[in-house]
Amino acid sequence: MIFAPKRVGNLVLDPKALEEDKKHCQKIGPCGLGKQAIYLNSFFIDRRYYAVWTDVRRVFKRVAMSRGGYTGKGLFGSIPYLVVQLANGREISCNFKYEQDVDTLLAAVERDHPDIPVHSKEAQQRLAEARRKEEARFLDHLSETAQASVAALQRAKSYLEEKPEIGDNLSYSARNKRSVDGVKTSNLVLAVGILLVSMALAIVGIVFLARGEKSWPLYCVLFGFAGLLFVAGAGILPTGRRNKKAVQKDWDNAVSNAADYIKTCPDFPVPPQYAHPVVLARMIRIIREGKCEEIGEAFVIMKEELKGLDHTKTVTQEEYDEIVAVKPMFRVMDYQ
């Protein structure tokens, strides 16, 4: 390889094995998961470093500049990181653009490397405490109706977990649709204005630089390209894959795939647009807490609870992850 990834742990892979492993690794955001190593990004270059799996002690998510993350406050983070702790004590932080990519990567690590923890030590302690508090709210004895409802929901949840891409695609496409549909017209007009001005500055600067000017045209070029990068990074302007028509098609396909999959599961308890394991898990908790006994009632209560959650509410990290995963689906459907 011309640009071989650099080792960050104690163990070294043979160059040929490294090349083959990186070539076939699962690319998730700027990182990658190979059979022999995990590939990590630098600030500018994707999969610039690698660490052999036996050198990895812990992998987890950190959200910076957030009212959410591991503080337990708020719902949405701003800058997600993947943190990898190595056997030599080194800690590598990899910045991601989309938090769902971090979640997808951690889910893959948890599935393929169950011996590697996917939460920080502090988060593990908080999660354990949250589970104890949650289980304390469960009823000691459920009625026969409630037991039957829980059993049906658990069967459906296990069925979905056999094909996790169904729920993942629903969640991902719903977030994209919400993001694109939520762009205000005023912001779009402002972005177009910045784009046009930036292009004009860059072109004028290049023209006058070509004519021999050496001072102010250079600033025009710099400010022009800075404006273009700003608009591109903001993600406001529509692109070939990120526009209202494209995200609507992705959402429709995700719902259609979910509908086809749940056809083979008798009496699936929720509509296909909500076919996510987290939805069923929340319904199970509602019944076990004694709030209702029937599946239909649990679904209504679950929707109302999600609807009432906003940035003013305090949640645990586990619930934060659940909300980020499923609330966009309900908002896309206007909780219908």
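Residues numbered from 1 in each chain as written. Predicted model: local features only at pLDDT ≥ 70, side-chain atom pairs only at ≥ 80, totals over all residues. Heavy atoms only, no water.

### Examining the overall build of the protein
For clarity, the cut-off: Numbering of helices and strands runs from the N terminus, with a helix taken as a DSSP run of H or I at least four residues long and a strand as a DSSP run of E at least two residues long. The buried label goes to any residue with under 20% of its type's maximum accessible area, the exposed label to any with over 50%, and the partly exposed label to all in between, with areas taken from a 1.4 Å probe on protein chains only. By definition, residues are in contact when any of their heavy atoms lie within 4.5 Å.
Counting its regular elements, the protein contains 11 helices and eight strands. Expressed as lengths along the three principal axes of its C-alpha atoms, the size of the protein is roughly 85 × 50 × 40 Å. Within the protein, buried positions represent 42% of all 336 residues. Of all intrachain contacts in the protein linking residues separated by at least 6 positions in sequence, the fraction that spans at least 24 positions is 60%.

### Concerning the environment of alanine 108
Assignment of secondary structure puts alanine 108 in helix α2 (residues 99-112). The residues touching alanine 108, leaving out its near neighbours within four places in the chain, are Gln26, Ile28, Leu33 and His113.

### Observations concerning the sheet that holds strand β4 (residues 37-40)
To keep things clear, this is the line we draw: At least two DSSP bridges between two strands are required for those strands to pair. With axes taken as lines fitted to C-alpha atoms, and helix axes fitted only over the stretch in contact, angles between N-to-C directions fall between 0 and 180 degrees.
An order of β1-β5-β4-β3-β2 is seen for the five strands of this open sheet, with the pairing classed as mixed. The open sheet has two edge strands with one neighbour each: β1 (6-7) and β2 (26-28). For strand β3 (residues 31-33) and β4, the ladder comprises two bridges, and the chain directions are antiparallel. Paired with leucine 33 across the bridge in β4 is isoleucine 38. Taken strand by strand, helix α1 (residues 15-23) contacts β2, β4 and β5 (49-52), and its axis lies near 70° from that of β4. With respect to the sheet, α2 is in contact with β2 and β3, its orientation differing from that of β2 by roughly 145°.

### Some thoughts on the packing of helix α9 (residues 277-288) against helix α10 (residues 295-308)
Note the cut-off: Orientation labels follow simple angle bins: below 35 degrees gives roughly parallel, above 145 gives roughly antiparallel, 65 to 115 gives roughly perpendicular, and whatever is left gives oblique. Under the convention adopted here, Pro, Cys and the residues Ala, Val, Leu, Ile, Met, Phe, Trp and Tyr are nonpolar, Asp, Glu, Lys and Arg are charged, and Gly plus all remaining residues are polar.
Closest axis-to-axis distance for the α9/α10 pair is 9 Å, and the angle between their directions is 110°. Considered as vectors, α9 and α10 are oriented roughly perpendicular to each other. The residues of α10 that touch α9, namely those facing Val279, Arg282, Met283, Ile286 and Ile287, are Ile295, Ala298, Phe299, Ile301, Met302, Glu305 and Leu306. When its residues are assigned to classes, the contact of α9 with α10 shows 10 nonpolar, no polar and two charged.

### Concerning the environment of serine 173
In this structure, serine 173 sits in helix α5 (residues 165-181). What makes serine 173 buried here is its relative accessible area of 5%. Taking the C-alpha atoms as reference points, serine 173 and glutamine 248, 75 residues apart in sequence, are found 8.3 Å from one another. In this view, serine 173 contacts Asp250, Trp251 and Ala254; residues no more than four positions away in its chain are not counted.

### So, the confidence of the model for the protein
So the rule is basically this: Confidence of the predictor at the level of single residues is given by pLDDT, which spans 0 to 100.
On average, residues of the protein score 87 in pLDDT, and 95% of them reach the 70 mark or higher. Confidence scores differ between elements of the protein, with helix α3 (residues 121-137) showing the lowest mean pLDDT of 82 and β4 the highest of 95. Considering only residues more than four positions removed or in separate chains, one finds that residues 66-77, a stretch of pLDDT under 50, has 38 contacts.

### Side note on helix α8 (residues 244-262)
The following threshold applies: Here the expected length of a helix is defined as 1.5 Å per residue gap, with one fewer gap than residues. In protein, a polar contact means a hydrogen-donor-capable atom and an acceptor-capable atom, both N or O and within 3.5 Å, with residues adjacent in sequence counting only if both atoms are side-chain atoms; elsewhere, any N or O pair within 3.5 Å suffices.
With 19 residues, α8 should cover 27 Å at 1.5 Å per step; its first-to-last C-alpha distance of 27 Å lies within 8% of that length. The set of residues buried in α8 consists of Ala246, Val247, Trp251, Ala254, Val255, Ala258, Tyr261 and Ile262. Buried residues along α8 sit in contact with α4 (144-161), α5 and α11 (317-332). The N-cap residue of α8 is asparagine 243: its side-chain oxygen and the backbone nitrogen of lysine 245 are 3.2 Å apart.

### Re the pattern of salt bridges
The condition is simple: Salt bridges are defined as contacts in which a side-chain nitrogen from Lys or Arg sits within 4 Å of a carboxyl oxygen from Asp or Glu.
Taken as a whole and assessed by the stated rule, the structure comprises 16 salt bridges. For aspartate 103, the salt bridge identified is with lysine 61, shortest N-O distance 2.8 Å. On the criterion of sequence distance, the pair formed by aspartate 103 in helix α2 and lysine 61 in strand β6 (residues 56-64) is long-range, its members being 42 residues apart. Assessed through its relative accessible area of 27%, aspartate 103 is described here as partly exposed. For lysine 61, a relative accessible area of 3% gives the class buried. Between glutamate 322 and arginine 282 there is a salt bridge, and its shortest N-O distance comes to 2.9 Å.

### Digging into the packing of aromatic side chains
Let me state the cut-off plainly: Planes of paired rings set the category: under 30 degrees apart is stacked, over 60 is edge-to-face and the rest tilted, where pairs are Phe, Tyr or Trp rings (Trp by its six-membered ring) whose centres lie within 6.5 Å.
Tallied over the entire structure, the rule returns eight aromatic pairs. Their ring planes at 40° and their centres at 6.4 Å tell us that tyrosine 39 and tyrosine 50 sit as a pair that is tilted. With tyrosine 39 in strand β4 and tyrosine 50 in strand β5, the pair connects residues that are 11 residues apart, well separated along the chain. Residues tyrosine 274 and phenylalanine 330 carry aromatic rings whose centres are separated by 4.1 Å and whose planes lie at 5° to one another, so their mutual orientation is stacked.

### Quick notes on the packing of α9 against α11
To keep it simple, the criterion reads: Handedness of a crossing is defined here by the sense of rotation of the near helix relative to the far one, left-handed for an anticlockwise turn of less than a right angle and right-handed for a clockwise turn.
It is the contact of α9 with α11, at a shortest axis distance of 10 Å, that shows an interaxial angle of 115°. Taken together, the axes of α9 and α11 lie roughly perpendicular to each other. Between α9 and α11 lies a crossing whose hand is left-handed. Contacts from Val278, Val279, Arg282 and Arg285 of α9 reach α11 at Glu319, Glu322, Val326, Met329 and Phe330. Its residues placed into classes, the contact of α9 with α11 shows five nonpolar, no polar and four charged.

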